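Structure at a glance
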Amino acid sequence: MKKVSTGSRFCSPGVCRNATLVLLTGGLAVTAAAQTYLPREPGSTANTWDKPAPDTPIPSYYRDSYQAYLKMKAAAHGGTQYLRTSYEKMPDWSGIWTRAASEGLKFDPKQTSKGFTPGPTTADLTPRYKAALQEKLRQVAAGNEWDQLSDCLPAGYPRWLTEPFLREFIVTPSETWWVNEQQSEARRIYTDGRGHIPDAEAQPLWDGDSIGFWDGQTLVVHTIRVTHGEYQRSQPDYSSQTSTVERIHQLDHDTIEDEVTVWDPKGLRTPWHVVMHYKRVNTAGSRIDMWSCETNNNVVRTPTGGSQFILKGETVTIQRSYKEPDTFYLTEAQKKLFAEDDALDAAKK
Amino acid sequence: MNKILIICCLTALTGAALAHHSAAMFDLSKTVTVHGTVKEFQYTNPHSWLQVLVVGSDGKAVEWGFETEGPSTLLRVGIKAKTFLPGDKVSIVANPMRDGRPAGAWISATKADGTVYNLRPNRPAAAAR
């Protein structure tokens, strides 16, 4: 039986930063960083240089989700170990899949809706995020809605879970790729025993930093380091401190289920538990190809923050300012919300 | 006899509708039906567009654009890259633009042979007449 430590693996942002400074000012950055990695294991396809140790500390705002994940891992006796030699025992999730159409674009399929109008969110939002959602819905009702996809940016995780279109699972013993054809956006879930990216090297990532283990035929995933965003259009926003635990398994020949629990100390008062489904696509000729968003993207943002087309034959003059990489695609309300998050964190230090 | 093809076994397009951008530019409470000739079919991501020349009462042709989802989603309702060729006669049902420009969110298409492609198949087919 493999022992799983549930000891302290967290660092506050300040502590993590101090550790970084020690490494850098000591002039030993390369050597010290190399010590955090494990040697490549036989059969692993993973890059040795990108394999943080299992007990790599992560910021304290991920504590609850990580402890839930470690508890599941302990209950699974450290997880089912698959090797190349036992590949045939792994789940066969080959084929083409797509989000269950009955679940629409909602993050929680249980959320009600009336026509195109969503009902109340099932998320237990903090007051600031609840107010932000209400303002968003007011703006949508007024015709002012902007989607970062219209800037040809990725959906980003966890919104990524809600996107329609074709999906594939590429399952190997050391990592699983879960691909959505939209923007050719692929999540990489490492199951080779590695820990999360060290804080000194980490930054928000569109699809986060995902590690996982197999509990028999169920893939259990812990994801941190996401970028701020929204769960979907007309859905709540989430902060960059969001983390999730997923349990992904096949229900029947044509259905894969993802049981997702979301923690967000900024946006959620209590974890948000949702269950999503993905259905097998049996249409002949279905194949995932490279998705180039700019091919005929003629959507532009209006001065009031809405979305509009440039139709064929039309020419418009667009005023565009410098793109701040982390915020240019956000709505003004999102910019304000996430700036408040940063200010609150700064005030704590 | 007109051939009617209504593909109704999938509900893919409803969930996927306008997944790359807001639908606020369309008036989803209204539908329009136009009859015209295909000029171009952009069968691509992020959105496919069917460009149709529509001759008005003044005898002048106006180019309309009808937007829908990309190839993989259209394939599931039977629409392929060469389903609509330049010169084909079509009738289109769509949600019009709020600002009155000649475009819309594509709901269904009826070809000259009577074939109907319903792009929102979990709803009653909106065959153009």
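As the structure is a computational prediction, the values presented were derived from the model and not from experiment.

Regarding the sheet that holds strand 13 (residues 243-252) of chain A
The strand order around the closed barrel formed by nine strands is 3-6-7-8-9-10-13-14-15 (chain A), and the pairing between neighbours is mixed. Pairwise comparison of adjacent strand axes, ignoring direction, gives a mean angle of 30 degrees for this sheet.

Some thoughts on the environment of Ile288(A)
Residues and elements named next belong to chain A. Along the chain, the position of Ile288 falls in the loop between strand 15 (272-280) and strand 16 (299-301). Sequence separation between Ile288 and Leu251 is 37 residues, and the spatial gap between their C-alpha atoms is 23 Å. When neighbours within four sequence positions are excluded, Ile288 is seen to be in contact with Leu166, Glu168, Val179 and Glu181.

Let's talk about the interface of chain B and chain A
Facing the 27 residues of chain B at the interface are 36 residues of chain A. Going through the elements one at a time, helix 1 (12-16), strand 2 (48-55), strand 3 (61-68) and helix 2 (71-75) of chain B are the ones with two or more residues in the side of chain B that touches chain A. Sorting elements by how many residues they give to the side of chain B that touches chain A places helix 1 of chain B first, with four residues. A class-by-class count of the residues in the side of chain B that touches chain A yields ten nonpolar, 14 polar and three charged.

Re unusual backbone geometry
In terms of backbone geometry, most residues other than glycine have negative phi values and most peptide bonds are trans. Cis geometry is adopted by the peptide bond preceding Pro158(A), which originates at Tyr157(A) and carries an omega value of 10 degrees. Omega for the bond connecting Asn45(B) with Pro46(B) falls within 30 degrees of zero, at 0 degrees, which places this linkage in the cis form. As for its placement among the helices and strands, Pro46(B) is situated in the loop between strand 1 (32-42) and strand 2. Even without glycine at this site, Ser184(A) takes up a positive phi of about 50 degrees.

Digging into the environment of Thr110(B)
In this fold, Thr110(B) is placed in strand 5 (residues 103-111). Counting along the chain gives 20 residues from Thr110(B) to Val90(B), while the straight-line C-alpha distance between them is 5.6 Å.

Looking at the packing of helix 4 (residues 127-141) of chain A against helix 5 (residues 332-348) of chain A
Residues and elements named next belong to chain A. Look at helix 4 against helix 5: their axes get within 10 Å of each other, and the N-to-C directions meet at 175 degrees. In terms of their interaxial angle, helix 4 and helix 5 are classed as roughly antiparallel. Contacts from Arg128, Ala132, Glu135 and Lys136 in helix 4 reach Ala333, Leu337 and Glu340 in helix 5. In the contact of helix 4 with helix 5, the residues fall into three nonpolar, no polar and four charged.

Notes on helix 3 (residues 63-75) of chain A
Residue and element names in this part refer to chain A. For helix 3, with 13 residues, the first-to-last C-alpha span of 18 Å sits near the 18 Å given by 1.5 Å per residue. Within the sequence span of helix 3, burial applies to Ser65, Tyr66 and Tyr69. All buried residues of helix 3 lie within an arc of 95 degrees about the axis, which places them on one face of the element. Against strand 2 (58-59), strand 10 (218-224), strand 13 and strand 14 (255-263) lie the buried residues of helix 3. Looking one or two places after helix 3, you find His77, whose phi comes out positive at around 55 degrees.

Conventions and cut-offs
Residues numbered from 1 in each chain as written. Chains lettered and ligands numbered in written order. Predicted model: local features only at pLDDT ≥ 70, side-chain atom pairs only at ≥ 80, totals over all residues. Pairing = 2+ DSSP bridges. Helix = DSSP H or I, 4+ residues; strand = E, 2+ residues; numbered from the N terminus. Axes fitted to C-alpha atoms, helices over the stretch in contact; angles between N-to-C directions. Contact = placed C-beta atoms within 7 Å. Nonpolar A, V, L, I, M, F, W, Y, C, P; charged D, E, K, R; others polar. Parallel < 35°, antiparallel > 145°, perpendicular 65-115°, else oblique. Expected span 1.5 Å × (residues − 1). Buried ≥ 20, exposed ≤ 12 C-beta atoms within 10 Å, placed from the backbone. Arc of directions from axis to C-beta.

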